Amino acid sequence: MSISAKTLDTNEYFYGHKACAGCGGSLAVRAALKVLGERTVAVLPAGCMSAVGFNFPQLCFANNAIISMFAGTASMLTGVEAGLRRRGITDFHAVGFAGDGGTADIGIQALSGAIDRGDDILYICYDNEAYMNTGIQKSGLTPYGARTTTTPAGEHIHGNLRPKKNMFEIVAAHGIPYAATATVGYLPDFLAKVEKASKIKGPKYIHVIAPCPTGWGIPVSDTVEAAKEIADCGLWYLAEYENGSFRLNRDPKEFTSAEDYLRRQSRFRHLTDEDIRVIIESRDKKWEYIRKNWKQ
Amino acid sequence: MKPYIREQKQFGLDTIPEDTCFEAGYLVTVNAGWRSIRPVVAADKCIGCGQCYLYCPDGVISLQDGKAVIDYDFCKGCGICEKICRPGAIGMEAERK
């Protein structure tokens, strides 16, 4: 059964949180929990979602939720799953919600270990493309050219010099049972992937783009629009990895303007035409590879 | 079902929970003061498609009798609902004291 606004669980499991208005990360967490349901143990490392969800005594998760150390999201998921299994409990999901920094930089070793062990966990990376909670520092998933507080835009160096780490394919390279990419701009697609993942035994990974209005420099009402646009203009792709092969879920016949997407965000406002040409070139190269090698 | 506002307990050093755990979904403060603008639903235009409910980051919109209803205690006034609403049933109005 496909998931839509009509069929979704009407209960709210992430409510009253203190995230900024228009927060993409909180939308991803809220939506995923509505699919997974009450019998879910959420593990959140230090990051936005733990900062906004646990303001003692205000606890905004209606299901079980716990904060882990920054590096240990996946390790704690392993422990949660093993502990509940030992107590004979089987009808639950162990899900982790880590940001891009907590996944691609600080938590990558723990994640790799959990995938290697084959633990029955779901790891969701909400990717807002920098360490937003601490004031917008560059992470491994910050895209080329983005201005952050640690990659400022100057006369000679135009923001971040490094491309976005290819986290989806790094995870897939472990031979994981299921991995997928998504964006909060296309929620039914994201929700279907969460549901699919919840029914698969073993480690699962979903990488969801979740714009941060504060860090991206967009109006708070544009979160969903920006999350749609990033997939429409080809700077992000919706794909799955399953049974050892990649599948592209959505192949836009024609990309919308990547320049419009970039120019709309203040973190890219300094980019020159040449910088944008470099970004579009690398996008086209990536898509050439995807279309040639992945199933559609 | 969703978490609701409850009494704020006063914790002293001797009453603070011993473990680092506490009851799930325990809310003591609202987020209403964050708004400068508020979404208002025109019930005659609302077709009950639920897109605003789906895309609200705070989950404050629910469908009651086929119409969108907003929980103003927790709405932060981001305006995503206004943009997502195809029939144009949601308008943003200045918050009045």
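Everything here concerns the structure above.
Everything numeric here is computed off the predicted structure, so don't read it as measured data.

Conventions we followed
- Residues numbered from 1 in each chain as written.
- Chains lettered and ligands numbered in written order.
- Predicted model: local features only at pLDDT ≥ 70, side-chain atom pairs only at ≥ 80, totals over all residues.
- Helix = DSSP H or I, 4+ residues; strand = E, 2+ residues; numbered from the N terminus.
- Rg over C-alpha atoms; globule rule 2.2 N^0.38 Å.
- Buried ≥ 20, exposed ≤ 12 C-beta atoms within 10 Å, placed from the backbone.
- Contact = placed C-beta atoms within 7 Å.
- Nonpolar A, V, L, I, M, F, W, Y, C, P; charged D, E, K, R; others polar.
- Core = buried A, V, L, I, M, F, W, Y, C linked by C-beta atoms within 7 Å.
- Axes fitted to C-alpha atoms, helices over the stretch in contact; angles between N-to-C directions.

The subject of this paragraph is the overall build of chain B. Counting its secondary structure elements, chain B contains two helices and six strands. Walking chain B from its N terminus toward its C terminus, one meets helices and strands in the order β-β-β-α-β-β-α-β. Scaling as 2.2 N^0.38, a compact globule of 97 residues should have a C-alpha radius of gyration of about 13 Å, whereas chain B reaches 17 Å, well beyond that. Expressed along its principal axes, the backbone C-alpha trace of chain B runs to roughly 55 × 30 × 20 Å. Counting across all 97 residues of chain B, residues that qualify as buried make up 31%.

Of the regular secondary structure elements, chain A holds eleven helices and ten strands. Its C-alpha atoms give chain A a radius of gyration of 18 Å, within 12% of the compact-globule value 19 Å for 296 residues. In terms of principal-axis extent, the alpha carbons of chain A reach across some 60 × 45 × 40 Å. Expressed as a percentage of the 296 residues in chain A, the buried residues total 55%.

Turning to the environment of A:Tyr123, a few remarks are in order. Residues and elements named next belong to chain A. Mapping Tyr123 onto the fold places it in strand 6 (residues 122–127). Remark: the alpha-carbon pair of Tyr123 and Ala98, spanning 25 residues in sequence, is separated by 7.8 Å. Once residues within four sequence positions are removed from consideration, Tyr123 is found in contact with Ala74, Leu77, Gly96, Leu111, Lys204 and Tyr205.

Counting residues at the interface gives 32 residues for chain A, matched by 32 residues for chain B. Elements with a minimum of two residues in the side of chain A that touches chain B: helix 1 (24–36), strand 3 (58–59), strand 4 (64–68) and helix 9 (223–232) of chain A. A breakdown of the residues in the side of chain A that touches chain B according to their chemical character gives 18 nonpolar, ten polar and four charged.

Formed by 111 residues in total, the largest nonpolar core has its most connected members in A:Ala32, A:Ile124, A:Val184 and A:Val208. Setting aside anything within four residues of it in sequence, one finds A:Val208 in contact with A:Ala28, A:Ile124, A:Cys125, A:Tyr126, A:Asp127, A:Ala182, A:Thr183, A:Val184 and A:Phe190.

To continue, consider the packing of helix 3 (residues 73–86) of chain A against helix 5 (residues 108–117) of chain A. Residue and element names in this part refer to chain A. Two numbers describe how helix 3 lies on helix 5: the axes approach to 6 Å, and their chain directions differ by 35°. In this structure, helix 3 contributes Thr73, Ala74, Ser75, Leu77 and Thr78 to the contact, and helix 5 contributes Ala110, Leu111, Gly113, Ala114 and Arg117. When its residues are assigned to classes, the contact of helix 3 with helix 5 shows five nonpolar, four polar and one charged.

Right, let's get into unusual backbone geometry. In this chain, A:Phe56 is followed by A:Pro57 through a cis amide linkage whose omega measures 5°. Within the secondary structure, A:Pro57 is located in the loop between strand 2 (54–55) and strand 3. We note that A:Glu129 has phi near 70°; this positive angle belongs to a residue other than glycine. On the neighbour-count criterion, A:Glu129 (27 C-beta atoms within 10 Å) is buried. One non-glycine residue with positive phi stands out, namely B:Asp65, at about 55°. Among the structural elements, B:Asp65 can be located in the loop between strand 4 (61–64) and strand 5 (67–70).

Honestly, it's all geometry; don't read function into it.
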